[in-house]
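Remarks on the overall topology
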Amino acid sequence: MNPAMTQTAPAQAVALPETILDIRRLTTTFGRAKTDIAAVDDVSLTMKRGKTLCIVGESGSGKSVTARSILQIIDPPGRVTSGEILFSSARAAGRPVDLVKLGPRSRAMRAIRGRDIAMIFQEPMTSLSPVHTIGWQIAEVMLIHQAIDMAEARARTIELLKQVEIRDPERAFDRYAFEFSGGMRQRAMIAMALACNPEILIADEPTTALDVTTQAEILALIKQMQVARDMSVLFITHDMGVVAEIADEVAVMRRGKLLEIGPSEQIFYHPQSSYTGDLIDSVRRLERSARKPVPEGEVRPRLLDVRNLTKTYPSRAGLLKVSAAFTAVSDVSLHLDEGENLGIVGESGSGKSTLGNCLIRVHEPTIGEVNYRQPNGVTIDLTKVPAAEMRRIHRDMRMIFQDPFASLNPRMTIGQLIGEPLLVQGLMKGDALRRRVGELLEMVDLPADVIDRYPHAFSGGQRQRICVARALAPDPRLVIADEATSALDVTVRSQILDLLLGLQERLKLSYIMISHDLGVIRYFCDRVAVMYRGKVVETGNAIKVCSEPEHPYTQALLSAAPGSHPGDRRIMRRHRYVAPELVPGVA
């Protein structure tokens with residue numbers, strides 16, 4: 001018998017109550033005395049045994065603080081100031097215990113954490129120790145909560161790694177977090193959370209940073225483990241597509257308050273709050289295109305023509321081993337016309353971001369051509385342009401990056417950040433520069449009087465608007481958006497996409513949108529190129545490719561994307577693609 005699956009709860013002498021967690025009028029505040037701010041404000045909700053409750057809302061809604069309040073792991077000066085959190089554990093024959101009264105540092109609370117209630121965090125790289133092996137970190141949980149020795153803990157850990165589908169679990173036990181991909185690190189976090197067979201699993205945005213196929217695998221894995229272990233799941237997310245796929249019940253939060261709670265069908269088909277309706281609409285609107293078809297007979301001038309582009313990283317000798325040469329982009333050909341939006345879609349590691357960086361020579365292509373038609377009509381190959389000349393080209397070709405937090409220097413004001421490209425290019429300075437920055441801020445729907453503030457004073461969506469303004473500063477012709485909306489809440493994502501489309505009409509822009517989300521590509525782009533392992537495997541009209549894909553890999557991407565309502569659940573029956581060259585026995 002599977003050793004990791006034998007860690008079941010004690011035999012039940014009596015029927016357990018249906019409600020496993022009952023949160024009553026919970027209030028969690030940050031600050032001191034009169035300056036207290038309620039991050040969770042008088043919230044009441046219940047969790048059913050063996051079911052999935054999704055708490056959904058934008059950043060700052062209080063959903064993560066609610067989850068952390070359950071485990072009493074709120075960062076100071078945060079604290080639970082009132083309310084009850086009643087946990088009916090099978091280990092205690094269903095007799096409820098108020099977790100608030102136990103206190104964050106009590107022995108009883110420490111025993112419950114990890115053993116009875118476990119948590120998966122959003123970013124596994126910051127949640128896992130960089131100096132301890134993956135296996136040791138999982139085994140440590142068992143050693144703390146169970147009377148077993150290291151040999152048994154190791155055996156159980158290896159079995160858990162196998163259950164969460166980590167390849168070669170014996171070797172994986174002795175590897176470190178940095179040796180795993182993002183998806184594999186998240187699988188290791190799931191194994192750690194399941195180490196002691198918890199009754200409740202709290203998953204706090206566990207798929208936000210993952211591409212669509214990896215997200216589907218993690219969601220399916222959590223569901224399989226839930227069924228196998230009869231576990232209750234509290235899933236925190238801002239993505240209504242994920243909620244539609246997995247939720248039995250849904251709680252909607254905004255600004256610390258619970259707006260509504262109910263079965264997923266009720267929330268999706270009969271929402272009581274207009275805010276809930278907006279969240280649902282933000283998913284459904286990506287099922288259609290915002291682009292107008294090009295009038296019949298109209299021919300647009302070619303802006304960019306990429307031919308046989310390849311980027312190979314040479315082998316390198318490291319401290320402990322030699323890394324082999326690696327081809328990130330292989331023989332890619334594509335084109336972009338003026339006023340057109342081209343999508344580049346694929347999983348993490350498909351080469352799409354490397355391709356974008358090669359187009360503007362952030363990375364030097366190994367071979368191939370990037371033919372760019374200048375405003376004067378003369379076409380030049382950017383791969384042969386001297387580095388000094390590329391500075392002028394960078395006025396025409398600009399980039400918006402994925403993470404608006406990492407893209408902005410925290411020591412510079414917004415005015416300095418947006419004006420920097422103009423200053424570096426020698427285009428503008430002094431009062432004229434300040435006036436131009438004010439115009440750019442208003443262009444992205446931010447007031448001009450924020451010019452002297454610093455990035456920390458803005459939300460994620462506002463920071464991305466600042467990044468858009470900076471990209472537009474030198475009046476470019478082409479903007480490459482590299483996962484520019486994937487780190488944002490769903491409603492903010494829609495706002496940024498509509499902002500970019502509105503600016504396109506006013507400024508005569510062309511876009512290359514790099515994304516792993518076919519919904520974003522369908523909504524925003526005219527054409528799409530699908531990349532897999534450095535190669536383009538399918539190109540065509542965005543609507544056609546996203547609705548009737550021809551290549552099996554594109555079909556797999558589409559089937560992994562969450563549906564927009566509970567009647568369209570597809571992740572558990574998704575199509576998986578394995579390249580023929582990776583199938584044993586296939587030449």
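This one's a predicted model, so the numbers in the text were calculated from it and none came from an experiment.

Here we take up the overall build of the chain. Per the secondary structure count, the chain includes 21 helices and 22 strands. Here the chain has a C-alpha radius of gyration of 26 Å; the compact-globule value for 587 residues is 25 Å, and the two agree. Per-residue burial over the chain gives 54% buried out of 587 residues. Relative to all contacts within the chain whose residues are 6 or more apart in sequence, the contacts with residues 24 or more apart total 70%.

Mapped onto the fold, Gln416 is located in helix H15 (residues 414-424). Residue classification places Gln416 among the partly exposed residues on the basis of a relative accessible area of 42%.

Here the amide bond leading from Pro76 into Pro77 is cis, since omega sits at 10°, within 30 degrees of zero. The residue Pro77 is located in the loop between helix H1 (63-71) and strand E4 (79-88) in this model. Positive phi, normally seen in glycine, also occurs at Asp42, with a value near 60°. Within the secondary structure, Asp42 sits in strand E2 (residues 37-48).

Our focus in this paragraph is the confidence of the model for the chain. Mean pLDDT over the chain stands at 88; residues scoring 70 or higher make up 94%. Considering only residues more than four positions removed or in separate chains, one finds that residues 1-12, a stretch of pLDDT under 50, has 21 contacts.

Now for the packing of aromatic side chains. Taken as a whole and judged by the stated rule, the model has three aromatic pairs. Considering the side-chain rings of Tyr176 and Phe178, the 6.0 Å spacing of their centres and the 10° angle between planes classify their relative orientation as stacked. With a centroid separation of 4.5 Å and an interplanar angle of 45°, the aromatic rings of Tyr532 and Tyr553 are classed as tilted. Of this pair, Tyr532 sits in strand E21 (residues 527-532) while Tyr553 sits in helix H21 (residues 552-560), and the two are 21 residues apart along the sequence. Residue Tyr532 shares its accessibility class with Tyr553, and that shared class is buried. The aromatic ring of Phe180 is capped on one face by Arg175, whose charged end is 4.7 Å from the ring centroid. In this arrangement the basic side chain of Lys311 is found over the ring face of Tyr313, its NZ or CZ atom lying 4.9 Å from the centre.

All right, on to the domain arrangement of the chain then. Its domain assignment divides the chain into domain 1 (16-116 + 201-211 + 232-287), domain 2 (123-197) and domain 3 (302-314 + 323-560). Relative placement of domain 2 and domain 3: their C-alpha centres are 38 Å apart.

When you tally the buried positions in H1, you get seven out of nine residues, the bulk of the element. The first or second residue beyond H1 is Gln72, which carries a positive phi of 60°.

Those residues of helix H12 (residues 274-284) that fall on the buried side of the exposure criterion are Tyr275, Thr276, Leu279, Ile280, Ser282 and Val283. Along H12, the residues classed as buried sweep out an arc of 155° about the axis, all on the same side. Its side-chain oxygen placed 3.1 Å from the backbone nitrogen of Tyr275, Ser273 serves as the N-cap of H12.

The subject of this paragraph is the pattern of salt bridges. Tallying each qualifying case throughout the model produces 34 salt bridges. Residues Asp36 and Arg79 are paired through a salt bridge, measuring 2.9 Å at the closest nitrogen-oxygen approach. Remark: Arg79 occurs in strand E4 and Asp36 occurs in the loop between strand E1 (19-30) and E2; sequence separation between them is 43 residues. Take Arg79: its relative accessible area is 33%, and that puts it in the partly exposed class. The residue Glu152 makes a salt bridge to Arg156 at a minimum N-O spacing of 2.6 Å. A residue pair is termed a helical-turn pair when its members lie 3 or 4 positions apart in one helix, as Glu152 and Arg156 do in helix H6 (residues 150-163) at four residues. Judged by its relative accessible area of 13%, Arg156 is buried.

Another aspect to go through is the side chain of Arg477. With respect to the helices, strands and loops of the structure, Arg477 is situated in the loop between helix H17 (460-472) and strand E19 (478-482). Here Arg477 is in contact with Leu303, Glu338, Tyr372, Arg373, Gln374, Pro375, Asp396, Lys508, Leu509 and Ser510, once residues within four sequence places are set aside.

To continue, consider the sheet that holds E2. Overall, antiparallel pairing links the four strands, which are arranged E2-E1-E4-E5 in an open sheet. Whereas interior strands pair on both sides, the edge strands pair on one side only; in this sheet they are E2 and strand E5 (96-98). Averaged over all pairs of adjacent strands, the angle between their axes in this sheet comes to 10°, without regard to strand direction. Pairing geometry for E1 and E2, over eight bridges, is antiparallel. Bridging across to E2, Thr19 finds its partner in Lys48. With respect to the sheet, H1 is in contact with E1, E2 and E4, its orientation differing from that of E1 by roughly 110°.

Calculation rules
Each chain carries its own residue numbering, running from 1 in the written order of its sequence. In keeping with the model being predicted, local features are shown solely for residues with a pLDDT of at least 70 and side-chain atom pairs are shown and tallied solely at 80 or more, while totals for entire chains, interfaces and linings include all residues. Excluding hydrogens and water, the side-chain values take into account all heavy atoms of the structure. Helix and strand definitions here come from DSSP, where helices need a minimum of 4 consecutive H or I residues and strands a minimum of 2 consecutive E residues; each element is numbered from the N-terminal end. We compute the radius of gyration from the C-alpha atoms alone; for a globule the expected value is 2.2 Å times N to the 0.38, where N is the number of residues. Burial status follows relative accessibility: with a 1.4 Å probe on protein chains alone, a residue under 20% of its type maximum counts as buried, one over 50% as exposed, and anything between as partly exposed. Whether two residues are in contact is decided by their heavy atoms: any pair within 4.5 Å suffices. Each residue carries a pLDDT score, the predictor's confidence in it, ranging from 0 to 100. Ring pairs are drawn from Phe, Tyr and Trp, using the six-membered ring of Trp, whenever the two centres fall within 6.5 Å, and their geometry is named by plane angle: stacked under 30 degrees, edge-to-face over 60, tilted for the rest. Whether a charge sits over a ring comes down to the Lys NZ or Arg CZ being within 6 Å of the ring centre and within 35 degrees of the ring normal. A domain assignment, automatic or from a database, supplies the domain bounds used here. Directions drawn from the helix axis to the C-beta atoms are what define this arc. The definition of a polar contact used here is a pair of N or O atoms within 3.5 Å, where within protein one atom must be able to donate a hydrogen and the other to accept one, and adjacent residues in sequence count solely through side-chain atom pairs. By definition here, a salt bridge exists when the distance from a side-chain nitrogen of Lys or Arg to a carboxyl oxygen of Asp or Glu is within 4 Å. Strand pairing is assigned whenever DSSP identifies at least 2 bridges connecting the two strands. Between N-to-C directions, angles span 0 to 180 degrees; the directions come from axes that are lines fitted to C-alpha atoms, helices contributing only their stretch in contact.

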